[in-house]
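Close look at the chain arrangement
This is what each chain is made of:
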Amino acid sequence: MSPFPVSENVLQMKGSSTLIAAAAAADMRARGIDVIDLSVGEPDFDTPDFIKQYAWEGLQKGLTKYTATAGLAEFRSSIVDFYGTRFGSHFDQSQVAATCGGKQALFNAACTLLDPGDDVLIPKPYWVTFPEIVTFCRANSVFIETEVTDFILTADQVAASITDRTKLLIVNSPNNPSGRVIPHDEMIRIVRTCASRGVYVLTDECYLFFAYPPAQPFSLASLPDELRHFVCVAGSFSKTYAMTGWRIGYTIANPEWTNAMVKLQSHSATHPTSFVQYACAKALQNVDATINAVNAMTTEYERRRNWFVPALDRIYGFKCSMPEGAFYALVDVRDMLGDKFRSSADVADLLLSEAQIVVTDGEGFGAPGYLRFSYATSMENLERAIEKLKSIFGSAS
Ligand code: PLP
């Protein structure tokens, strides 16, 4: 039989490198091996109970049918009110659409803006999906190097990268995989730079609340109208509220962009699950309970970060500066490369075979020579991992 003729758009896309590490962990677990999985990209907490109760309430109310493609009015107005209260934002429901997770928000935004041949600026390191969405749209990813600024994108770097072909910049702060947070004033300068050149900004705010003091959560939804016109916020409930499996997110963008995204979504997912939208709307209306639940989780992530990152930095050959947000540490292992390890992937392989520790190689994030460690796991696992790392590589003096 002739091979299945996968479309060119999809053929050109790469599979997710983060899933490769997850598959390796699953395989070892299935063989009864006690793995320490530091490749996880999801919270180790359960969804807060009160949100589950709201989902049940939604079901009992009969919210089991289609909603509007852009989502329940109550969902959209809750986003408007929550952002107004929390970030002082001013936008209305016509600028909000419900999506099936942050990923669909990103996909909708890119697919409704990009034409074949457009250039899209993507700062390195980047989340694996960004260039693949660009490829799907037959646009070109133009990467911005940020190592000189310690992986924090600056407006100058953006200005130097814009050309007549640039249509979009994709930013992600707090960042996966680096955990770095772009300061508010720099973020505003970045958007101003883009807006002045007619370049749009897609901001992936999936880790919005995971910024540890003195860093503070900051949403581009709070920009004034003339700047927000150029911005699409891709929001997600997945990480913030430990709801990865519920598949719910949203976009906040100007009404024309929103209408185009709703049109696209009307021919694909239609909308996220009706009673899930209801649960999220109710959760956002219950601001205190929601913020308390998020704070409890972020406090624990911060505690782990404060212990784990310096401990990683003390492993011989590892270099890691303190990330301000998300739940990842990006460790520079380039000092270890040579005859024994040709690449960071070799180091990751050794960790897997000798210590049963699963981490993600930086190559897929545009950061070869680095390894991403997730601390969305128990302190006990982090402590066990550090003990094993010390016994393999030793401690730096
Ligand atoms: N954006 C980033 C940076 C992520 O790390 C992830 C998930 O790992 C997503 C978006 C996708 O989130 P969701 O589960 O809401 O689709």
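About the cut-offs
- Residues numbered from 1 in each chain as written.
- Predicted model: local features only at pLDDT ≥ 70, side-chain atom pairs only at ≥ 80, totals over all residues.
- Helix = DSSP H or I, 4+ residues; strand = E, 2+ residues; numbered from the N terminus.
- Rg over C-alpha atoms; globule rule 2.2 N^0.38 Å.
- Contact = placed C-beta atoms within 7 Å.
- Pairing = 2+ DSSP bridges.
- Axes fitted to C-alpha atoms, helices over the stretch in contact; angles between N-to-C directions.
- Near = placed C-beta within 6 Å.
- Nonpolar A, V, L, I, M, F, W, Y, C, P; charged D, E, K, R; others polar.
- Parallel < 35°, antiparallel > 145°, perpendicular 65-115°, else oblique.
- Left-handed = near helix turned anticlockwise from the far one by under 90°.
- Domains from an automatic or database assignment.
- Buried ≥ 20, exposed ≤ 12 C-beta atoms within 10 Å, placed from the backbone.
- Right-handed = clockwise from strand over helix to strand, strands pointing away.
- Core = buried A, V, L, I, M, F, W, Y, C linked by C-beta atoms within 7 Å.
- Expected span 1.5 Å × (residues − 1).
- Arc of directions from axis to C-beta.

1. Observations regarding the overall build of the protein chain
When helices and strands are tallied, the protein chain shows 14 helices and twelve strands. Rg of the C-alpha trace for the protein chain: 21 Å, near the compact-globule value of 21 Å for 397 residues, within the 12% margin. When contacts within the protein chain are restricted to residue pairs at least 6 apart in sequence, those whose partners lie at least 24 apart make up 73%.

2. A closer look at the sheet that holds strand β4 (residues 140-144)
In spatial order, the strands read β2-β8-β7-β6-β5-β3-β4; together these seven strands make up an open sheet with mixed pairing. The open sheet terminates on both sides in strands that have one partner only, identified here as β2 (96-99) and β4. Direction aside, the axes of adjacent strands within the sheet are offset by 20° on average. Of the strand pairs in this sheet, strand β5 (residues 166-172) and strand β6 (residues 200-204) are connected by five bridges, and their pairing is parallel. Within β6, the residue paired with leucine 169 across the bridge is valine 201.

3. Examining the site of the ligand
Taken together, 13 residues surround the ligand, and among them Gly101, Gly102, Lys103, Ser236 and Ser238 come closest. It is helix α5 (residues 101-113) that provides the largest number of residues to the shell around the ligand, a total of three residues. Looking at the shell around the ligand residue by residue, the classes come out as two nonpolar, nine polar and two charged.

4. Observations regarding the packing of helix α4 (residues 73-87) against helix α11 (residues 274-285)
Where α4 contacts α11, the axes come no closer than 8 Å and their chain directions differ by 30°. Considering the angle they form, α4 stands roughly parallel to α11. Classified by chirality, the crossing of α11 by α4 is left-handed. Within the contact between the two elements, α4 uses Glu74, Phe75, Ser78, Ile79 and Phe82 and α11 uses Gln277, Tyr278, Cys280, Ala281, Leu284 and Gln285. Classifying every residue of the contact of α4 with α11 gives seven nonpolar, three polar and one charged.

5. Comments concerning the packing of α5 against helix α6 (residues 129-136)
Packing of α5 against α6 brings their axes to within 10 Å, and their N-to-C directions diverge by 35°. For the element pair α5 and α6, the recorded crossing hand is right-handed. Note on element contacts: α6 touches α5 through Thr129, Ile133 and Val134, opposite Lys103, Leu106, Phe107 and Ala110. Of the residues contributing to the contact of α5 with α6, the split by class is five nonpolar, one polar and one charged.

6. Structural notes on the domain arrangement of the protein chain
Here the domain parsing of the protein chain yields domain 1 (8-46 + 290-392) and domain 2 (63-287). The gap between the C-alpha centroids of domain 1 and domain 2 is 25 Å. Counting from both sides, the interface comprises 35 residues of domain 1 and, opposite them, 33 residues of domain 2. Elements with a minimum of two residues in the side of domain 1 that touches domain 2: α2 (17-30), α12 (287-313) and β9 (328-332).

7. Examining the pairing of β6
Among the five residues that make up β6, five are buried, leaving the element largely enclosed by the rest of the structure. Residues Tyr200, Leu202 and Asp204 line one face of β6 and the alternating positions Val201 and Thr203 line the opposite face, and both faces are buried. Of the crossover connections in this fold, the one passing from β5 over helix α8 (residues 184-196) to the parallel β6 is right-handed. Taken together, the four bridges between β6 and strand β7 (residues 231-236) define a ladder with parallel strand orientation. Across the sheet, aspartate 204 pairs through a bridge with alanine 234, a residue of β7.

8. A look at the nonpolar core
In this structure, Ala109, Ala110, Val201, Leu202, Leu312, Ala329 and Val331 are the most contacted members of the largest nonpolar core, which totals 121 residues. Ranked by the residues each element gives to this core, the list is headed by α11, at eight residues. Residues from two domains meet in this core; each of domain 1 (8-46 + 290-392) and domain 2 (63-287) gives at least three. Among all residues touching valine 201, those that are not within four sequence positions of it are Leu169, Val171, Val191, Cys194, Leu220, Phe230 and Val231.

9. Topic: helix α14 (residues 379-393)
The end-to-end C-alpha distance of α14, which contains 15 residues, comes to 21 Å, matching closely the 21 Å that a straight helix rising 1.5 Å per residue would cover. Taken together, the buried positions of α14 are occupied by Leu382, Ala385 and Leu389. Along α14, the residues classed as buried sweep out an arc of 60° about the axis, all on the same side. Seen from the buried face of α14, the exposed residues on the opposite side, beyond 90 degrees, are Glu380, Glu387 and Ser391. On its buried face, α14 sits against β1 (36-37), α12 and β10 (357-358).

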